[in-house]
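Each chain, written out:
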Amino acid sequence: MLAVAGMLLLSTTVFAQSQAGDRAVLQLFVNEVDKGEVQALRRATDLLVRTSDLQAAGIDLSGTRQEFMGKDSFTSLDSLSPGTSYEFDEKELVVRLRGQAGMQHRTTVNLSPTSPPGTLYSHDTSFFLNYAGQTTGFSEYTAFGEAGLSVSGHLLSSTVSRTEDGHVLRGLSNLILNDREHLTRWTLGDDLVNGGLLGGSTFIGGINVERNFTLDPYYYFFPRPMLSGTALVPSTVNVYSDGGLLRQETVAPG
């Protein structure tokens, strides 16, 4: 009786080991991207990989078959089909996944021009003076003058002119306050307001607040073209303009 019980216990143990499979540490590649080492269970007709390792590799496990071995959950690679296939290299101990389950999330590449690293916007105090004159037969003459003072990126300026009959006229005089962070310009004093192609233009006196995109020369405010595609393997995106290479970006499968 004792010998029979020992034989039954031995056969039960062997059966449990064969059901669990042979444990192995494999190198995982997903659409040719190396995802590192994973814990695996090898069976005669299937290969199971630890669920947490597949999740860390970005694999979509929706609808897959999973089993618990002790405290660890393992996912059957057969259950990834038909959208995803796998290939096991027994000699190199490498498993390769190819297909939809290994597609990464959408990768967005912004190709808009950006300011170079370390760009500095000078706010040094400065002063300028512009003038011009014109004469006709040395008997009549006109003149124009403009002066301005810039402090901390803001500008105080005024213009003056002389007509042929000797009248001196004040031109636009204002204080311009620039807010580069919010692309906003405040004008206190005289200003020329332009309503665009559908509107007119006029001179006003007072306070004018407007958006001014020229405060940031690298800000792109026009609608930009958009292209989309699918990369099944790690790829390089080359951007050309007029036959010249502008930029290269490496994208993951997705």
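Source: prediction; values computed, not measured. (Residues numbered from 1 in each chain as written. Predicted model: local features only at pLDDT ≥ 70, side-chain atom pairs only at ≥ 80, totals over all residues. Heavy atoms only, no water.)

**Remarks on the environment of leucine 48**
So, step 1. For leucine 48, the position within the fold is in strand S3 (residues 47-50).
So, step 2. Note: C-alpha distance between leucine 48 and arginine 65 (17 residues apart in sequence) is 9.6 Å.
So, step 3. Dropping the residues within four chain positions of it, leucine 48 is found in contact with Gln39, Ala40, Leu41, Arg43, Glu67, Phe74, Thr75 and Ser76. (Helix = DSSP H or I, 4+ residues; strand = E, 2+ residues; numbered from the N terminus. Contact = heavy atoms within 4.5 Å.)

**Looking at the packing of aromatic side chains**
So, step 1. Per the counting criterion, the structure on display carries one aromatic pair.
So, step 2. Here the aromatic rings of phenylalanine 213 and tyrosine 219 are separated by 5.4 Å at their centres, their planes lie at 5 degrees, and the arrangement is stacked.
So, step 3. We note arginine 96 situated over the ring of phenylalanine 29; from NZ or CZ to the ring centre the distance is 4.7 Å. (Phe/Tyr/Trp six-rings, centres within 6.5 Å; stacked < 30°, edge-to-face > 60°. Lys NZ or Arg CZ within 6 Å of the ring centre and 35° of its normal.)

**Here we look at the sheet that holds strand S1 (residues 22-30)**
So, step 1. Strand order in the open sheet formed by seven strands is S4-S5-S3-S2-S1-S7-S6, and the pairing between neighbours is mixed. A single partner strand is all that each edge strand has here, and the edge strands are strand S4 (66-69) and strand S6 (84-89). Across the sheet, the axes of successive neighbouring strands diverge by a mean angle of 40 degrees, strand direction being ignored. (Pairing = 2+ DSSP bridges. Axes fitted to C-alpha atoms, helices over the stretch in contact; angles between N-to-C directions.)

**As for the pairing of strand S14 (residues 235-241)**
So, step 1. Two strands pair when backbone bridges link them, and S14 and strand S15 (residues 244-251) are joined in this way by seven bridges, in the antiparallel orientation. For serine 241, the partnering residue across the bridge sits in S15 and is glycine 244.
So, step 2. Joining the antiparallel neighbours S14 and S15 is a turn of two residues, in which aspartate 242 adopts a positive phi near 55 degrees.

**Side note on the sheet that holds strand S9 (residues 140-151)**
So, step 1. Taken in spatial order, the six strands of this open sheet run S8-S9-S10-S11-S12-S13, and their pairing is antiparallel. Every interior strand has two partners, whereas the edge strands, strand S8 (126-136) and strand S13 (201-211), have only one. Geometrically, the sheet is characterised by an average inter-axis angle of 15 degrees between neighbouring strands, direction not taken into account.
So, step 2. Relative to strand S11 (residues 168-179), strand S10 (residues 154-162) is paired through seven bridges, and the arrangement is antiparallel. Across the sheet, serine 161 pairs through a bridge with leucine 169, a residue of S11.

**Observations regarding the environment of histidine 123**
So, step 1. One can find histidine 123 in the loop between strand S7 (94-99) and S8.
So, step 2. For the pair histidine 123 and serine 150, spaced 27 residues apart in the sequence, the C-alpha separation amounts to 8.2 Å.
So, step 3. Those residues in contact with histidine 123, other than ones at most four positions away along the chain, are Ser152, Gly153 and Arg180.

**Description of unusual backbone geometry**
So, step 1. Omega for the bond connecting serine 81 with proline 82 falls within 30 degrees of zero, at 5 degrees, which places this linkage in the cis form.
So, step 2. Position of proline 82 relative to the elements: it lies in the loop between strand S5 (72-76) and S6.
So, step 3. Despite not being glycine, leucine 93 shows a phi value in the positive range, around 55 degrees.
So, step 4. Along the polypeptide, leucine 93 turns up in the loop between S6 and S7.
So, step 5. The backbone of leucine 183 shows a phi angle near 50 degrees, a positive value even though the residue is not glycine.

**Let's talk about the nonpolar core**
Here is a general trend for soluble globular proteins: nonpolar side chains tend to be buried in one another's company.
So, step 1. One finds Leu28, Leu54, Ile59, Leu77 and Leu97 to be the most contacted residues of the largest nonpolar core, which totals 15 residues.
So, step 2. Of all elements in the fold, only S1, strand S2 (33-42), S3 and S7 reach the threshold of two or more residues within this core.
So, step 3. Here the element with the most residues in this core is S1; it accounts for three residues.
So, step 4. In contact with leucine 28, other than residues within four places in its own chain, are Val33, Asp34, Lys35, Gly36, Val38, Leu54, Ala57, Val95 and Leu97. (Core = buried A, V, L, I, M, F, W, Y, C linked by side-chain atoms within 4.5 Å. Buried < 20%, exposed > 50% of the residue type's maximum accessible area, 1.4 Å probe, protein only.)

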